[in-house]
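As a plain string of letters, each chain reads:
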Amino acid sequence: MCKNVMSIENLSIYYGEKCVVQHVDLSLKKGEILTVVGESGSGKSTLLSAISGLLNSTATIETGTIYLEETPLHENKTMYRVNRKDMTMIFQNPGAFFNPMKKIGKQYEQYLCLHGVIDKQEQKHIQKMMLEKVHLCDVDRVLNAYPFELSGGMQQRVSIAMATTFKPKLLLADEPTSALDVTTQADIVKHFIQLSKEETAILMVTHNMSVASYLSDKIAVMKDGRIIEYGNRDDIIYRPKEAYTKALIEATPSLSEVENG
Ligand SMILES: Nc1ncnc2c1ncn2[C@@H]1O[C@H](COP(=O)(O)OP(=O)(O)OP(=O)(O)O)[C@@H](O)[C@H]1O
Ligand SMILES: [Mg+2]
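Throughout this description, residue numbers start from 1 for each chain and increase along the sequence as written. The naming scheme follows written order: chains are lettered A onward, ligands numbered 1 onward. Under the rules for a predicted model, residues below a pLDDT of 70 receive no local features and side-chain atom pairs below 80 are neither given nor counted, while totals for whole chains, interfaces and linings still include all residues. Water and hydrogen atoms play no part in the side-chain values, which are based on all heavy atoms of the structure.

## Description of the sheet that holds strand 4 (residues 59-68)
Two strands are said to pair when DSSP picks up at least two bridges between them. Only DSSP runs of H or I covering at least 4 residues are called helices, and only runs of E covering at least 2 are called strands; the numbering of each starts at the N terminus. Spatial ordering of the open sheet is given by 2-1-4-5, a layout of four strands whose pairing is antiparallel. In this open sheet, the two strands that pair with only one neighbour each are strand 2 (18-29) and strand 5 (71-72). Bridge count for strand 1 (residues 4-15) against strand 4 is eight bridges, and the pairing is antiparallel. Within strand 4, the residue paired with isoleucine 8 across the bridge is isoleucine 66. A contact between two residues is defined here by any heavy atoms of the two lying within 4.5 Å. The convention used is that axes are lines fitted to C-alpha atoms, helices contributing only their stretch in contact, and that angles between N-to-C directions extend from 0 to 180 degrees. The sheet strands contacting helix 1 (residues 44-52) are strand 1, strand 2 and strand 4, and the helix crosses strand 1 at an angle near 120°.

Spelled out as structure tokens, the structure:
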């Protein structure tokens, strides 16, 4: 049987006295796409930050273990170093990804150097190929811009290009399409599906149930820090058990039409 790329067992995270992620269990195999949906403040970003090792210093992991393949990522509340080629993250706020003082091209170059691509021509080739994949076709303008000179959606697309450059084993994506227009959203969704075919496992947070329904193998529904429903895409979309999940689906016209025939 195919081994898990990532698994989480009994994860609980606190901010001070407040438990924001409660006893979460999840797993993901090679090439699988798992989306996490749920209301604002339910703990989705906190969960992704914990997996990526970028949890705010005021948060504590009280119980549980996160494994990347068979390696535990935390022990005694300390995060181990992970090969950043194996696991990458797209942030809810793309501004968090960039140094505001450096041009985009310079930052992309440094990222490539860090992962062993030092030849300038190869760097240019990779940058052009990846930016075109996320439909940023004016490559020179983008690479010569400071982050503030790009729109939020353009910054998000650059961060998606960078995070997917090396086809990570695990891609964590926190609302990657929320700042994008519908056409670009569809292109990014296709880009993710292609990556999953190339064996990248994707854990994605989204508020968009249509996107979740379109690309997920599995869906987890989060509420008040708990996973209240978790299963295969068809079970969640067509046979939801929880009232909250049903309400989410009913609020998405294209899905409720399918459900009601
Ligand atoms: N730095 C922090 N300090 C204290 N509490 C925090 C901090 N960051 C998040 N929280 C709290 O943790 C809970 C979960 O927040 P989180 O950002 O994970 O939610 P979310 O599901 O990603 O929400 P959204 O859909 O709005 O992005 C919320 O109650 C939030 O107020
Ligand atoms: Mg969030």
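Moving on from the coordinates now.
## So, the site of ligand 1
Close to ligand 1 lie 15 residues, the nearest being Ser40, Gly41, Lys44, Ser45 and Thr46. Here a polar contact is recorded for every N or O atom pair within 3.5 Å, except that within protein the pair must consist of a potential hydrogen donor and a potential acceptor, and residues adjacent in sequence are included only if both atoms are side-chain atoms. Measuring from a nitrogen atom of ligand 1, one finds a side-chain N or O atom of asparagine 56 at 3.3 Å. Looking at the shell around ligand 1, the elements with two or more residues in it are strand 2 and helix 1. It is helix 1 that provides the largest number of residues to the shell around ligand 1, a total of three residues. Here the residues of the shell around ligand 1 are counted per class, giving two nonpolar, nine polar and four charged. One heavy atom suffices: a residue is near a molecule or strand as soon as one of its heavy atoms comes within 4 Å of it. Amino acids are sorted into nonpolar (Ala, Val, Leu, Ile, Met, Phe, Trp, Tyr, Cys and Pro), charged (Asp, Glu, Lys and Arg) and polar (every other residue, Gly among them).

## So, the coordination of the magnesium ion (ligand 2)
Coordination sphere of the magnesium ion (ligand 2), protein contribution only: Ser45 (OG) and Gln92 (OE1), at 2.0 to 2.3 Å. Here the residue serine 45 occupies a position in helix 1, and glutamine 92 occupies one in the loop between strand 8 (87-90) and helix 2 (104-114), the gap between them amounting to 47 residues. By relative accessible area, serine 45 is classed as partly exposed at 25%. Because no water is among the atoms considered, metal sites can look incomplete, with donors defined as N, O and S atoms within 2.8 Å of the metal, or 3.2 Å for Na, K and Ca. Only protein chains enter the accessibility calculation, which uses a 1.4 Å probe. A residue is then buried if its area is under 20% of the maximum for its type, exposed if over 50%, and partly exposed in between.

## Looking at the pairing of strand 9 (residues 170-174)
Burial runs high along strand 9: five of the five residues are buried. Neither face of strand 9 is open: one carries Leu170, Leu172 and Asp174, the other Leu171 and Ala173, and all of them are buried. Bridge count between strand 8 and strand 9: four bridges; the pairing is parallel. Residue pairing across strands places methionine 87 opposite leucine 170, the latter belonging to strand 9. Relative to strand 10 (residues 201-205), strand 9 is paired through five bridges, and the arrangement is parallel. In the sheet register, aspartate 174 faces strand 10, and the bridge partner there is valine 205. Look down the strands so they point away from you; if going from the first strand over the helix to the second traces a clockwise path, that crossover is right-handed. Between the parallel pair strand 9 and strand 10, the chain is carried across by helix 6 (residues 182-197), and the sense of this crossover is right-handed.

All we've got here are geometric facts, nothing functional implied.
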